[in-house]
Amino acid sequence: MTTDTDDRRRAAAEGTSSGVLPPVRPWPASRPPGVDFDPDLAELMREGPVSRVGRPDGEGWAWLVTRYDDVRTVTNDPRFGREPVMDGRPARLAPHVVPQRDAVTFPDSSEPARPRRSVAAAFTARGVERVREATRRMLDELVDELLQDGPPADLIAAVLGPFPGAVICELMGVPAADRHEVHTWSRLILSPGHGTKAGERARDEMNAYFTGLIGAREGGTGEDVVSLLGAAVGLGEAALDEAAGLAVLLQIGAEAVTGHTGRMFHLLLTRPDLTERLRAEPAIRPQAVDELLRYIPHRNAVGPPRVATQDVEVGGVRIRAGEAVYVSYAAANRDPGVFPDPETIDFARYPNPHVAFGSGPQRCPGGMPARLASEMLLDALLDRVPGLRLAVPPDEVPFREGALTRGPDALPVTW
Ligand code: HEM
């Protein structure tokens, strides 16, 4: 990371038109309520496409890229890598789970890591269709119970918590008897409130669990993710430990869907105009899911940075080899050059090339299961619970503190 003295030397040597590099801004400074856009991030976007932000540990600064095209450049250009991030350098702007090395695409590469390629088929639109019917039955049961128990209810505890986990377990091929334990591990890994030690222990236990399951399906021919990983291990295309590391990451991805659908229903239940439209026009729901993915910020702050492996110019700024660059997908999704009138939720928006799932070789593999779960939840809750509404004022909904992704802890509803 770079210090003030380095800055001055560098600005003088480069002779930039203004003679100075952009000022270093403190960020993130605020935790906006609900699904609001971070006002400090909006301010940085107004200042320019490429900002400098102070590191949370006070040691120097890093670049922050907010414009859509620049975000795509940084995330797709192999001159930006994530290798140094694996060793804890540079510090992250928000809490993150450190995945097992080689499970994902951290090594510098323009290709997804090996185990990710082996399971790609399961995460296509066609791949996730395989689990639609089985998971619809599970969702029907959850909504039956919600209706039987009667209002009021916590929508997270009753439906939005368990359902995404069930979808991913079905996709993974996790046996029904193990699902409760798998869900508990996921929550321990991702909820900072339980402490780092508990999170690490849960990750190790879950890792051991998937190592056993994948090993038992080695050479298998099933279409579920664990079988695909078992086949890849059998063929020598992936090592057992990297396959298990990926399985853990994929399974805990279900929690991101709980967070997202929690934010989605929080927003919809405070915007009756949008909810009524979705009730009246079920055909627009798939497009609406994508527009809400674009509009609703997914993370607190940003994900782990990339590091330039050589000097690269981005957005008119020279980024030097070794410097860290954060990208904000939330900011890119509000770029008026790509999304006209970006502050408006427009279910008819077309095209809608949002980057809610990231971009480049490290983009999220969970886009299709996340869309499937979100659409099914809209169908079930809007059609089967017609009077669904918040049971408390919107600003009294408790949002998670200090977690990687944003989302309500509980969503009190009535009908
Ligand atoms: C609405 C729900 C979700 C959102 C908004 C979301 C968003 C993201 C984003 C922005 C990234 C980072 C991309 C980057 O670093 O450039 C990511 C990474 C990842 N996501 Fe998701 N995600 C969601 C659901 C899921 C699900 C359901 C799964 C699993 C099935 C999943 C698994 C992963 C994995 C494994 C990575 C790391 C990829 C890598 O570095 O190779 N996510 N996600």
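This text goes with the structure placed above it.
What you are looking at is a predicted structure, and each value in this text was computed from that prediction instead of being measured.

Asks: Pulling in residues and values, what's your account of empty space enclosed by the protein?
Replies: Evaluation of the coordinates by the stated rule reveals four cavities of 30 Å³ or more. Considering only enclosed or pocket space, the second largest cavity measures out at about 110 Å³ in volume. If you go around the second largest cavity, you meet 13 residues; those closest to its centre are Asp38, Arg299, Asn300, Ala301 and Arg406.

Asks: Quick one: what's the story with the sheet that holds strand β1 (residues 24–25), residue by residue and with numbers?
Replies: Strand order across the open sheet formed by six strands is β1-β2-β3-β9-β6-β4, with mixed pairing between neighbours. Strands at the two margins of the open sheet, each flanked by one partner only, are β1 and β4 (80–81). The strands that helix α3 (residues 68–76) touches are β2 (50–54), β3 (61–65), β4, β6 (306–308) and β9 (324–327); relative to β9, the one it contacts most, it runs at about 125 degrees.

Asks: How would you sum up the packing of helix α13 (residues 240–270) against helix α15 (residues 285–295)? Please name residues and give values.
Replies: What describes two packed helices is the angle between their axes and the distance between those same axes. The N-to-C vectors of α13 and α15 enclose an angle of 100 degrees; their axes lie 11 Å apart at closest approach. For the element pair α13 / α15, the angle class is roughly perpendicular. Contact residues: His260, Met264, Leu267 and Leu268 in α13; Leu292, Leu293 and Tyr295 in α15. Looking at the contact of α13 with α15, its residues break down into six nonpolar, one polar and no charged.

Asks: Which residues make up the environment of leucine 274, and what values go with them?
Replies: Relative to the helices and strands, leucine 274 resides in helix α14 (residues 272–280). Once the C-alpha coordinates of leucine 274 and phenylalanine 347 are considered, the two residues, 73 residues apart in sequence, prove to be 8.9 Å apart. Residue contacts for leucine 274: discarding those within four places in its chain leaves Leu267, Leu268, Ile345 and Phe347.

Asks: Hey, could you go over the sheet that holds strand β10 (residues 389–390) for me, with residue numbers and the actual values?
Replies: Strand order in the open sheet formed by three strands is β5-β11-β10, and the pairing between neighbours is antiparallel. A strand with exactly one partner marks an edge of an open sheet, and here the two such strands are β5 (153–154) and β10. Across two bridges, the pairing between β5 and strand β11 (residues 412–414) is antiparallel. Among the inter-strand pairings, aspartate 154 is bridged to a residue of β11, identified as proline 412.

Asks: Go over unusual backbone geometry with me, naming the residues and quoting the values.
Replies: Here the amide bond leading from proline 151 into proline 152 is cis, since omega sits at -10 degrees, within 30 degrees of zero. Positionally, proline 152 belongs in the loop between α7 (132–149) and β5. In this structure, proline 351 follows tyrosine 350 across a cis peptide bond, with omega equal to -5 degrees. A positive phi angle, close to 50 degrees, is found at aspartate 341, a residue other than glycine. By the element assignment, aspartate 341 lies in the loop between α16 (329–332) and α17 (367–384).

Asks: Go over the pairing of β3 with me, naming the residues and quoting the values.
Replies: With five of five residues buried, β3 is to be regarded as a mostly interior element. Burial along β3 is two-sided: Trp61, Trp63 and Val65 facing one way and Ala62 and Leu64 facing the other are all buried. Looking at chain direction, β2 and β3 are connected through five bridges and run antiparallel. Among the inter-strand pairings, serine 51 is bridged to a residue of β3, identified as leucine 64. The pairing of β3 with β9 spans three bridges and is classified as parallel. By the bridge assignment for β9, tryptophan 63 is matched with valine 325.

Asks: Summarise α15; cite the residues concerned and give the values.
Replies: Most of α15 sits out of view: nine of its 11 residues are buried. Turning to α15, its buried residues number three or more, namely Arg285, Ala288, Val289, Asp290, Glu291, Leu292, Leu293, Arg294 and Tyr295.

How each quantity is defined
- Residues numbered from 1 in each chain as written.
- Predicted model: local features only at pLDDT ≥ 70, side-chain atom pairs only at ≥ 80, totals over all residues.
- Heavy atoms only, no water.
- 1 Å grid on protein atoms, 1.4 Å probe; cavity = no way out; pocket = protein on both sides within 12 Å on 5 of 7 lines; lining within 4 Å.
- Points joined across faces, edges and corners; volume = space filled by probe spheres on them.
- Pairing = 2+ DSSP bridges.
- Helix = DSSP H or I, 4+ residues; strand = E, 2+ residues; numbered from the N terminus.
- Contact = heavy atoms within 4.5 Å.
- Axes fitted to C-alpha atoms, helices over the stretch in contact; angles between N-to-C directions.
- Parallel < 35°, antiparallel > 145°, perpendicular 65-115°, else oblique.
- Nonpolar A, V, L, I, M, F, W, Y, C, P; charged D, E, K, R; others polar.
- Buried < 20%, exposed > 50% of the residue type's maximum accessible area, 1.4 Å probe, protein only.

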